[in-house]
Amino acid sequence: MPSPTPPMPIQNSTESFWRTQLDPLDSHRTTEALPTKTDIVVIGAGYAGVSAVYFLLERSKVLASKPSIVILEAREACSGATGRNGGHLKPDLHNRPASIASEFGIDAAAEAAAFEAEHVGMIKEVVEKEKIDCDFVVTRVVDVPLNESVGIKLKAGYEQLVKSAAAPFKDVSYTDYDKAEGMSGVKGAKGCFTYTAGHLWPYKFVLHLLTKAITEGVNLQTHTPVQRVSSSQDAEGYWAITTARGAIRAKTIVHASNAYTSTILPEYKDSIVPVRGICCRITTPKPAPHLSNSYILRSSGWDYEYLIPRSDGSIVVGGARSVFYSDLSNWYNTTDDSKLMDSARHYFDGYMQRHFRGWEDSGAAVDKIWTGIMGYSTDSLPHIGAVPSKPSQFMLAGFTGHGMPQIFLSARGIASMIMEDKKFEETGVPRIYQTTRARLDSKRNKILESWEESQNEVRSKL
Ligand SMILES: Cc1cc2nc3c(=O)[nH]c(=O)nc-3n(C[C@H](O)[C@H](O)[C@H](O)COP(=O)(O)OP(=O)(O)OC[C@H]3O[C@@H](n4cnc5c(N)ncnc54)[C@H](O)[C@@H]3O)c2cc1C
């Protein structure tokens, strides 16, 4: 019996707010037919693939040696997770580092936190240097536990990190229980952490870099799903890449296809799983209290919302797990971003009124709601670096719904491995993010572990 067709990005995806103003390059093909061969193929025109191309071109200017590059994209440019996310560039400077510290030690936690924090300054620098019109704002995120047990756990983790005196944790300031609601403006806040973050219009950021790349000679082929890559290189060292529109040969491949990685590399099937998320845009008919910060509101370890205020007065907010998470089929191992989750369809109605002081009579209402597919890593760490046993193939995926503060510098690392033959250890990417055979062989699945814990928690409250 033939094996089932591996999942591809599907057609008719829900329309996100970010994709309501499409760039002329959205469905661009630089040449009518695919080139027959190229130096580098990048699979996926999202934040990861386009950032990799940006750094490949930057390095090629320094090295005065320019490779030919073809980007193969299954749908429209930036139509995957990047074009449908929350736009929140929020380094995690306490929650994630605390769990990394308990598993890998404080140095690994500090390394991961510093890497994420560096993204805010780096994106700012690139936005300014390249004059990118993408509503980029540097702010402080207000990170609020909404119940006491989450507050106590987060505070304990934070105190451990602060004791280490590592640089990235010094940016976090903490306000205790009694003053948290006044400080944050969030009703029922049980603590309040703030630290530097940013937000932007991700589609505009990526399309600007893509336009620049095409101006510099890169060939973009949208609506060109990659179906498979040959199992070995030919005598000249080329991999054969089969697409729905014919074949192309490439010396080097960058895998930036995110949730769909295992379609092309089945060895990643148990390591990067497609996970569906939901996001919306809220608008107000009359002036509401100004929000100058971005937010995370945490009801438990697995149930949280992330929120950015935009300069047009609207709010983009994602999350809603409390209403769809218990049914795995809603979100786990699915690539269908053409549908909303029914149980979450109305979750964000009245969200601002429920949670923010002074918003009760704002009339804030959902203006647009959409879903998107993330690439969740089963050990919760990104997979970056050389694909095991596949010479000249590189992985840039598995960001577990938290790619904005991890992808850009990971892409820089991949570009330096390709252009300068750097070893992974020399890239500046946190060492625990290296994709390895041992990680691919691991049977552990933290996504499902966390889900099982959540179900026990829910049952214990009944
Ligand atoms: C609803 C939602 C909200 C989110 N909110 C945030 C947030 O606020 N902050 C944050 O940090 N992160 C957030 N994320 C996660 C973040 O968007 C991702 O980590 C990041 O965008 C991943 O970028 P990427 O380029 O790896 O993937 P993608 O943007 O998904 O790009 C991968 C591309 O590869 C293409 N592709 C796939 N398979 C093939 C194939 N076989 N052939 C050719 N092309 C292929 C896809 O069509 C897609 O365009 C959110 C994600 C979602 C879905």
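This structure is a prediction, so every number in the text was calculated from the model and none was measured.

In terms of helices and strands, the chain carries 12 helices and 17 strands. Taken against the 2.2 N^0.38 rule, which gives 23 Å for 462 residues, the C-alpha radius of gyration of the chain at 22 Å falls within 12% of a compact globule. Projecting the C-alpha coordinates of the chain onto the three principal axes gives extents of approximately 70 × 55 × 45 Å. The proportion of buried residues among the 462 residues of the chain is 57%. Partitioning the contacts of the chain with sequence separation of at least 6, the portion at a separation of at least 24 is 78%. Of the accessible surface of the chain, which amounts to about 18,800 Å², a share of 52% is contributed by carbon and sulfur atoms. A gap of 1 Å separates the mean positions of the 51 positive and 52 negative side-chain charges of the chain.

By nearness alone, 39 residues border the ligand, and Glu 73, Thr 82, His 88, Val 226 and Met 404 come closest of all. Ala 48 has a polar backbone atom sitting 2.9 Å from an oxygen atom of the ligand. Here an oxygen atom of the ligand sits 2.5 Å away from a polar atom, N or O, in the side chain of Thr 82. Protein contacts shield 98% of the accessible area of the ligand, which totals 1,000 Å² for the unbound molecule.

Structurally, the position occupied by Arg 228 is in strand 8 (residues 226–229). The spatial distance from the C-alpha of Arg 228 to the C-alpha of Gly 246 is 11 Å, given a sequence separation of 18 residues. If we ignore the near neighbours within four places in the chain, the residues touching Arg 228 are Ala 240, Ile 241 and Thr 242.

If you look at the biggest cluster of nonpolar residues, it comprises 85 residues, and the most contacted ones within it are Phe 205, Leu 396 and Phe 408. For this core, the leading source of residues is helix 3 (residues 106–129), giving 11 residues. Once residues lying within four places of it in the same chain are set aside, the contact partners of Phe 408 are Tyr 47, Ser 51, Tyr 54, Phe 55, His 119, Met 122, Ile 123, Val 126, Phe 205 and Leu 209.

Turning next to the UniProt feature "domain: FAD dependent oxidoreductase" (unreviewed entry) in the chain. In the numbering used here, UniProt assigns the feature "domain: FAD dependent oxidoreductase" (unreviewed entry) to residues 39–416. Between the end C-alpha atoms of residues 39–416 the distance is 15 Å, and the span holds 30% helix and 27% strand.

Buried residues dominate strand 12 (residues 294–298), accounting for 5 of its 5 residues. Strand direction decides the pairing type here: strand 12 and strand 13 (residues 304–309), joined by 4 bridges, are antiparallel. Paired with Ile 296 across the strands is Tyr 306, a residue of strand 13. From the end of strand 12 to the start of strand 13, which pair antiparallel, there are 5 residues.

By the secondary structure assignment, Pro 309 is in strand 13. For Pro 309, a relative accessible area of 9% puts it in the buried group. Each C-alpha atom, one on Pro 309 and one on Pro 388, is 42 Å from the other, the two residues being 79 residues apart in sequence. Apart from the residues within four sequence positions on either side, Pro 309 is in contact with His 199, Leu 291, Asn 293, Ser 294, Ser 314 and Ile 315.

Take the packing of helix 3 against helix 10 (residues 407–420) next. Closest axis-to-axis distance for the helix 3/helix 10 pair is 8 Å, and the angle between their directions is 85°. Between helix 3 and helix 10, the angle falls in the class roughly perpendicular. Contact with helix 3, carried on its side by Phe 115, Glu 118, His 119, Met 122, Ile 123 and Val 126, involves Ile 407, Phe 408, Leu 409, Ser 410 and Arg 412 of helix 10 and no other residues of that element.

Working definition: two side chains of opposite charge can pair if their charged atoms are close together. One pass over the full model with this rule turns up 36 salt bridges. A salt bridge links Glu 76 to Arg 19; the nearest nitrogen and oxygen atoms lie 3.9 Å apart. Pair noted here: Glu 76 is in the loop between strand 2 (69–72) and strand 3 (88–89) and Arg 19 is in the segment before strand 1 (37–43), with a separation of 57 residues, a long-range link. On the basis of relative accessibility, which here comes to 9%, the residue Arg 19 falls in the buried class. Residue Arg 439 is joined to Asp 379 by a salt bridge in which the shortest nitrogen-to-oxygen separation is 2.7 Å. Of this pair, Arg 439 sits in helix 11 (residues 437–441) while Asp 379 sits in the loop between strand 15 (365–377) and strand 16 (383–386); the two residues are 60 residues apart in sequence, bridging distant segments of the chain. For the pair shown, Arg 439 and Asp 379 are each scored as buried. Within the structure, one salt-bridge network assembled from shared partners comprises Glu 58, Lys 61, Lys 129, Glu 130, Lys 212 and Glu 216.

Reading the values: rules and limits
Residues numbered from 1 in each chain as written. Predicted model: local features only at pLDDT ≥ 70, side-chain atom pairs only at ≥ 80, totals over all residues. Heavy atoms only, no water. Helix = DSSP H or I, 4+ residues; strand = E, 2+ residues; numbered from the N terminus. Rg over C-alpha atoms; globule rule 2.2 N^0.38 Å. Buried < 20%, exposed > 50% of the residue type's maximum accessible area, 1.4 Å probe, protein only. Contact = heavy atoms within 4.5 Å. Areas by Shrake-Rupley, 256 points an atom, 1.4 Å probe, with all protein chains shown as cover. Lys, Arg positive; Asp, Glu negative; His and termini not counted. Charge placed at Lys NZ, Arg CZ, Asp CG, Glu CD. Near = heavy atom within 4 Å. Polar contact = N/O pair within 3.5 Å; in protein donor to acceptor, adjacent residues only side chain to side chain. Core = buried A, V, L, I, M, F, W, Y, C linked by side-chain atoms within 4.5 Å. UniProt positions renumbered as here; feature names shortened; annotations may be inferred. Pairing = 2+ DSSP bridges. Axes fitted to C-alpha atoms, helices over the stretch in contact; angles between N-to-C directions. Parallel < 35°, antiparallel > 145°, perpendicular 65-115°, else oblique. Salt bridge = Lys/Arg side-chain N within 4 Å of Asp/Glu carboxyl O.

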